[in-house]
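Residue strings, one per chain:
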Amino acid sequence: SSETFWTTTGMFPQEFIIGFPKCVKISKVAIQCYLVRTLRIERSVSKDPVGFEQCVEKDLQHTEGQLQMEEFPLPDFQATYLRFIIKSAFDHFVSVHRVMAEGT
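Residues numbered from 1 in each chain as written. Predicted model: local features only at pLDDT ≥ 70, side-chain atom pairs only at ≥ 80, totals over all residues. Heavy atoms only, no water.

If you check an unreviewed UniProt entry, the protein appears there as IFT25 protein from Rostratula benghalensis.

Structure (structure tokens):
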């Protein structure tokens, strides 16, 4: 729902984890967020959300008054869990409105 979102509590880094029922192949991850400056995505292929390894880290462009929309192509990529770490922001609070993972 575009009416709902996850928001940070004001200090950084902040993180959230998305889990899949089993290890899946992911070809692309897309995120819609607001006021995120630096984002890191990590993955785990374990049964539990442990042993994360960094996949991508990017400084996002500041888009005043608009959602930031970023896509991360991930060829030959498998994961059971994805951890999104917001390392820094353009303000004290940021929001994440949608996360999409494409694959099989």
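The rest of the description comes next.
(A) Summary view of the pairing of strand β2 (residues 14-34). Direction of pairing for β2 relative to strand β5 (residues 68-89): antiparallel, over a ladder of 15 bridges. When the bridges of β5 are listed, Phe16 appears paired with Phe84. As defined by bridge partners, β2 adjoins strand β6 (residues 95-103) across eight bridges and the pair is classed as antiparallel. Bridge assignment links Ile31 to a residue of β6, and that residue is Val99. (Pairing = 2+ DSSP bridges. Helix = DSSP H or I, 4+ residues; strand = E, 2+ residues; numbered from the N terminus.)

(B) Spotlight on the packing of aromatic side chains. This model, assessed by the stated rule, comprises two aromatic pairs. Seen in terms of ring centroids, Trp6 and Phe16 are 5.0 Å apart; in terms of plane orientation they differ by 55°. Their pairing is tilted. Here Trp6 is found in strand β1 (residues 6-7), whereas its partner Phe16 is found in strand β2, with ten residues between them in sequence. Its relative accessible area of 29% is what places Trp6 among the partly exposed residues. Measuring from ring centre to ring centre gives 5.0 Å for Phe16 and Phe84, while their planes differ by 10°; the resulting arrangement is stacked. Placement of the pair is Phe16 in strand β2 and Phe84 in strand β5, with a sequence separation of 68 residues. Overall, the relative accessible area of 15% leaves Phe16 in the buried class. Taking the relative accessible area as the measure of exposure, Phe84 reaches 0% and is therefore buried. The rings of Trp6, Phe16 and Phe84 are connected pair by pair, giving a single aromatic cluster. (Phe/Tyr/Trp six-rings, centres within 6.5 Å; stacked < 30°, edge-to-face > 60°. Buried < 20%, exposed > 50% of the residue type's maximum accessible area, 1.4 Å probe, protein only.)

(C) Fine view of the sheet that holds β2. Within the open sheet, the six strands sit side by side as β1-β6-β2-β5-β3-β4. Their pairing is antiparallel. The sheet is open, and its two edges are formed by β1 and β4 (53-59), each paired on a single side.

(D) View of the side chain of Glu42. Examined against the element boundaries, Glu42 turns out to sit in strand β3 (residues 36-44). A distance of 3.4 Å separates the side chain of Glu42 from the side chain of Arg40, its partner in a polar contact. Within the structure, Glu42 has its side chain in polar contact with the side chain of Arg83 (distance 2.6 Å). Among residues more than four places away in sequence, those in contact with Glu42 are Phe52, Glu53, Gln54, Cys55, Tyr81, Leu82, Arg83 and Ile85. (Polar contact = N/O pair within 3.5 Å; in protein donor to acceptor, adjacent residues only side chain to side chain. Contact = heavy atoms within 4.5 Å.)

(E) Broad picture of the side chain of Thr8. Secondary-structure assignment places Thr8 in the loop between β1 and β2. Its relative accessible area of 3% is what places Thr8 among the buried residues. Within polar-contact distance, the side chain of Thr8 engages the backbone nitrogen of Val94 at 3.0 Å.

(F) Spotlight on the pattern of salt bridges. Scanning the model with the defined rule gives nine salt bridges in all. The residue Arg83 makes a salt bridge to Glu15 at a minimum N-O spacing of 3.8 Å. Of the two residues, Arg83 sits in strand β5 while Glu15 sits in strand β2, which places them 68 residues apart along the sequence. The shortest N-O distance in the salt bridge between Lys87 and Glu57 comes to 3.1 Å. (Salt bridge = Lys/Arg side-chain N within 4 Å of Asp/Glu carboxyl O.)

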